[in-house]
Amino acid sequence: MDVRIEESWKKALIDEFDKDYFIKLTDFVRSEYSSHTIYPAAGNIFNAFQQTPFNEVKVVILGQDPYHGPGQAHGMSFSVPQGVTLPPSLMNIYKEIEAQTGKKMPQNGDLTRWAKQGVLLLNATLTVRAHNANSHQGKGWEVFTDSVIKTLSDKRENIVFMLWGSYARKKALLIDRNKHLILESAHPSPLSSYRGFFGNNHFKECNEYLKAHAKMAIDW
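Calculation rules
Residues numbered from 1 in each chain as written. Predicted model: local features only at pLDDT ≥ 70, side-chain atom pairs only at ≥ 80, totals over all residues. Heavy atoms only, no water. Helix = DSSP H or I, 4+ residues; strand = E, 2+ residues; numbered from the N terminus. Expected span 1.5 Å × (residues − 1). Contact = heavy atoms within 4.5 Å. Pairing = 2+ DSSP bridges. Axes fitted to C-alpha atoms, helices over the stretch in contact; angles between N-to-C directions. Buried < 20%, exposed > 50% of the residue type's maximum accessible area, 1.4 Å probe, protein only. Salt bridge = Lys/Arg side-chain N within 4 Å of Asp/Glu carboxyl O.

Draft legend 1. Representation of helix α4 (residues 88-101). With 14 residues, α4 extends 20 Å from end C-alpha to end C-alpha; this agrees with the ideal 20 Å at 1.5 Å per step. At its buried positions, α4 is contacted by α5 (112-115), β5 (160-164) and α8 (202-212). Where α4 ends, the next residue or the one after it, G102, has phi of about 85 degrees, a positive value.

Take a look at the structure:
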């Protein structure tokens, strides 16, 4: 199957696209876009991959589901387009970065600037119905994104995986701890941020690890 995904990712994941689950997923997604309002726009489903090619990934930040409100989702976890009000979880991420680095919280929630530095902003599910959170879970996206994580773990070295919240932390089983750094904490949502996200020091730890392995630190 010919999938419109960035070329280095297409090569890395080539075996996935002809599997039964992916063919069924593709049929489901096409049907949903033709009959419902779905986010992100179809051209942005694989935006995270477009912005961060396979061999340039230094960090993975795993989200669960795209934003399901109008104008928010654009294919990268936690990110919103420029001009959109900062979602609460992203605001808490910015607060933690400011606490760790002293860098003032920006008003812009577009994290493309991170993606261009090698931060793969990956949601476990890549599409969602408008105003219906988790509506595309269990349709095959998780199988695909688990393969993304496993492929990065197997074929690359010294990547930092940031796993926030119980859902993301389960993905640690897919990652080789001998080759990569896994950082785990509570989720940055308002419901859980005070139970271990604030003060997790992940952004500093990430950059220390990258520099220790001769990689450029991320300008958060």
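Right, picking up where we left off after that structure.
Draft legend 2. Just the sheet that holds strand β3 (residues 119-123), in detail. Pairing is parallel across the open sheet formed by 4 strands, whose spatial order is β3-β2-β5-β6. Two strands close off the open sheet at either side, each with one partner strand: β3 and β6 (181-185). The average angle at which neighbouring strand axes cross in this sheet is 20 degrees, direction not considered. Note that strand β2 (residues 59-63) and β3 share 5 bridges and pair parallel. Note on β3: the bridge partner recorded for I61 is L121. Here helix α6 (residues 141-155) sits on the sheet and contacts β2, β3 and β5; the angle it forms with β3, its principal contact strand, is near 150 degrees. Against the sheet, α8 touches β2, β5 and β6, its axis set at about 165 degrees to β5.

Draft legend 3. Molecular detail of the environment of R113. Relative to the elements of secondary structure, R113 occurs in helix α5. For R113, a relative accessible area of 30% puts it in the partly exposed group. When the C-alpha atoms of R113 and Q51 are compared, they prove to be 9.3 Å apart, with 62 residues separating the residues in sequence. Once residues within four sequence positions are removed from consideration, R113 is found in contact with Y94, P106 and N108.

Draft legend 4. Representation of the pattern of salt bridges in the model. Across all of its chains, the model carries 9 salt bridges by this definition. The residue K10 makes a salt bridge to D2 at a minimum N-O spacing of 2.8 Å. Take K10: its relative accessible area is 17%, and that puts it in the buried class. For D2, a relative accessible area of 66% corresponds to the exposed category. We note a salt bridge from K150 to D154, for which the minimum N-O separation is 2.9 Å. Here the residue K150 and the residue D154 both occupy positions in helix α6, the gap between them amounting to 4 residues, near one helical turn. For D154, a relative accessible area of 46% corresponds to the partly exposed category.

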